[in-house]
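The residues making up each chain are set out below.
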Amino acid sequence: MSQSAEKVMPCYPLFREPEYKETLANKKAKYEAAHTQEKIDEVFQWTTTQEYQELNFQREALTVDPAKACQPLGAVLCALGYEKTLPYVHGSQGCVAYFRSYFNRHFKEPVSCVSDSMTEDAAVFGGQKNMHAGLENAKALYKPDMIAVSTTCMAEVIGDDLNAFIGNAKKAGSIPEEFPTPFAHTPSFVGSHVTGWDNMEEGILRYFTLNHMEGKAPGKNGKLNFVPGFETYLGNYRVIKRMMGEMDVDMTLLSDPTEVLDTPADGEFRMYAGGTTQAAIKDAPNAINTILLQPAQLDKTRKFVEGTWNHEVPKLNIPMGLEWTDELLMKVSELSGKPIPASLTLERGRLVDMMTDSYAWLHGKRFALYGDPDFLMGLTKFLLEMGAEPTDIVCNNGNKKWTKAMKKLLESSPYGKETQVHHGKDLWHMRSLCFTNKPDFLIGNSYGKFIQRDTLYKGKEFEVPLIRIGFPIFDRHHLHRMTTMGYEGAMYILTTLVNAVLERLDEETMGMGTTDYNFDLVR
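Small disclaimer: the values here were computed from a predicted structure and weren't measured.

(A) Just the packing of helix α16 (residues 342-362) against helix α21 (residues 486-508), in detail. It is at 10 Å that the axes of α16 and α21 come closest, and there the two elements cross at 20 degrees. Judged by the inter-axis angle, α16 sits roughly parallel to α21. The chirality of how α16 crosses α21 is left-handed. Contacts from Leu 344, Glu 347, Arg 348, Arg 350, Leu 351, Met 354, Met 355, Ser 358, Trp 361 and Leu 362 of α16 reach α21 at Tyr 487, Glu 488, Ala 490, Met 491, Leu 494, Thr 495, Leu 497, Val 498, Val 501, Leu 502 and Leu 505. Partitioning the contact of α16 with α21 into residue classes produces 15 nonpolar, two polar and four charged.

Quick look at the structure:
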């Protein structure tokens, strides 16, 4: 055998060893009823054509790799950002295993989350018994200070009422009446992970403040609230705190999972670490104002903050790139009365210097991109600032309002005039676009590697390299610690993009005596 205890090999190159090649060949010949390679290639070539793209875009009843996840995944991430809070999903155990695995692979961290394991009987008779036992066991075993409850599609299809179920569990003595149990209905069959985050955030804020507004007034505590939205770059939480610290602005980050998703390896397991405190939530209505860092995905939170806390939420964009970071800092200065310090002005100047250095390499480069609504707005804005040309933008969880805003942004720049915006489309649509309207690069999460592989299969000249910025990123390590917001984030994105361009240039100019006229050490 190729592998032994003394010689452990990963799947590649292990599966290229003779015995594995033979096993796989036998499986294909005897059990797969596969088409011939000639037929496979014929169909493959057809799927790269304009004719196929037109058929592909007529799809209505099928989604292929949607580039989004379901609501409860977002609810879990939101709950993880609060101190000693246990995310609790009312639904099947398999769903929670999926959420935990998804975050495990992205953050490379253990993620604590429980379910009440609804099965066939609960699907018929309702999951109230599961809720009673689940809440009691979760509190006794894991000793949280708060349990944040969300739902899966099973519970939503049969109409389980979280408010009633949790109330009945408290009346039955499963958990104390005073124990904090905010909740949100998060049906998986509508919306996406960003919707689920918003729903859970609103549920938590509502639980602690809706009926406790007496004596509270905007500006009373002199702080600013920041709502991050579904955010998986831990550096973005940190950069907001750093910039506010440099401005001497007191702030509250309403959901901060940076500690629990980035714990040290020092021999101690931390089920809970850091997070926004309950006291901070209760005091949040007293802030000067609340700033939404990803406003396109936070409609429910905005309505609650404006309607209950009487905060006039500023109309800002996600603080990515140069101009939109400027806008955030100027608004913070206006609200707080604190000046923008020299340290941030210096940091801005360094970003402008980097942009000047790299502009010639990104100007005119064509990028296709996909991801979540706010992320795509911010990334597109920065690409336009660099003179790059977005070709196609795919946002499965975007809507008509978002599409209108994106088109307005693109029309503001000569580099966005030819860009096509596709909301509600998936990565199989993006695959077609990469063949018929070939970009130089594709920007998105790990799933885009299948598009790069397919374009390469047609021929090297058709390959569209993937630049990994987004969520999830399973096949690279430690990128979740990076930053995409603020001047610091723009520096990271710029460094990633320009070096991808230069790496590609080196790759294309390695032919000795043929293409190596540009294979030099001067960049």
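Still more to cover.
(B) Summary view of the sheet that holds strand β10 (residues 441-444). Pairing within the open sheet is parallel, and its five strands lie in the order β9-β8-β7-β10-β11. Looking at the sheet topology across the chains shown, the edges are occupied by β9 (420-423) and β11 (466-468). Shown here is a sheet whose adjacent strand axes are inclined to one another by a mean of 20 degrees, direction ignored. Packing of helix α17 (residues 373-385) onto the sheet brings it into contact with β7 (366-370), β8 (389-395) and β10, and relative to β8 it is tilted by some 180 degrees.

(C) Fine view of the packing of aromatic side chains. Tallying each qualifying case throughout the model produces 15 aromatic pairs. Both rings, one in Phe 44 and one in Tyr 457, keep their centres 4.9 Å apart while their planes meet at 80 degrees; by these two values the pair is edge-to-face. Here Phe 44 is found in helix α3 (residues 37-46), whereas its partner Tyr 457 is found in helix α20 (residues 449-458), with 413 residues between them in sequence. In this structure Tyr 457 comes out as partly exposed when scored by relative accessible area, which is 46%. Taken together, the ring pairs connect Tyr 98, Phe 99, Tyr 102, Phe 103, Phe 107, Phe 230, Tyr 447, Phe 471 and Phe 474 into an aromatic cluster.

(D) Representation of helix α15 (residues 321-336) in the model. Its 16 residues give α15 an end-to-end C-alpha distance of 23 Å, which sits within 8% of 22 Å, the value for a rise of 1.5 Å per residue. Residues of α15 that are buried: Gly 321, Leu 322, Trp 324, Thr 325, Asp 326, Leu 328, Leu 329, Val 332 and Ser 333. Positive backbone phi, at 80 degrees, marks Gly 337, one or two positions downstream of α15.

(E) Summary view of the environment of Lys 143. With respect to the helices, strands and loops of the structure, Lys 143 is situated in the loop between α8 (128-142) and β3 (146-151). Taking relative accessible area as the criterion, Lys 143 reaches 54% and is therefore assigned exposed. Separated by 165 residues in sequence, Lys 143 and Thr 308 have C-alpha atoms that sit 31 Å apart. Among all residues touching Lys 143, those that are not within four sequence positions of it are Lys 84, Ala 138 and Tyr 272. Side-chain polar atoms of Lys 143 contact the backbone oxygen of Ala 140, separated by 3.0 Å.

(F) The layout of surface pockets, seen in detail. Each pocket or cavity is described by its volume, and for the largest pocket that value is around 880 Å³. As for the largest pocket, its lining consists of 31 residues, of which Pro 295, Ala 296, Gln 297, Arg 302 and Lys 401 are closest to the centre. Mapped onto the lining of the largest pocket, the elements with two or more residues apiece are α11 (193-209), α14 (299-308), α17 and α18 (400-411). A total of five residues in the lining of the largest pocket trace back to one element, the largest contributor, which is α18. Partitioning the lining of the largest pocket into residue classes produces 13 nonpolar, nine polar and nine charged.

(G) Examining the side chain of Lys 381 more closely. Topologically, Lys 381 is positioned in helix α17. Taking relative accessible area as the criterion, Lys 381 reaches 11% and is therefore assigned buried. Leaving out residues up to four positions away in the same chain, Lys 381 has contacts with Glu 323, Trp 324 and Leu 409.

(H) Layout of the state of the cysteines. For the structure shown, the criterion picks out zero disulfides. Just so you know, Cys 95 is unpaired, no disulfide at all, and the nearest cysteine sulfur is the one on Cys 153, 5.5 Å from it. Accessibility expressed as a relative area gives 22% for Cys 95, which makes it partly exposed. Of all cysteine sulfurs in the structure, the one in Cys 95 sits closest to Cys 113, which takes part in no disulfide; the separation is 10 Å.

What counts and how
Residues numbered from 1 in each chain as written. Predicted model: local features only at pLDDT ≥ 70, side-chain atom pairs only at ≥ 80, totals over all residues. Heavy atoms only, no water. Axes fitted to C-alpha atoms, helices over the stretch in contact; angles between N-to-C directions. Helix = DSSP H or I, 4+ residues; strand = E, 2+ residues; numbered from the N terminus. Parallel < 35°, antiparallel > 145°, perpendicular 65-115°, else oblique. Left-handed = near helix turned anticlockwise from the far one by under 90°. Contact = heavy atoms within 4.5 Å. Nonpolar A, V, L, I, M, F, W, Y, C, P; charged D, E, K, R; others polar. Pairing = 2+ DSSP bridges. Phe/Tyr/Trp six-rings, centres within 6.5 Å; stacked < 30°, edge-to-face > 60°. Buried < 20%, exposed > 50% of the residue type's maximum accessible area, 1.4 Å probe, protein only. Expected span 1.5 Å × (residues − 1). Polar contact = N/O pair within 3.5 Å; in protein donor to acceptor, adjacent residues only side chain to side chain. 1 Å grid on protein atoms, 1.4 Å probe; cavity = no way out; pocket = protein on both sides within 12 Å on 5 of 7 lines; lining within 4 Å. Points joined across faces, edges and corners; volume = space filled by probe spheres on them. Disulfide = S-S within 2.5 Å.

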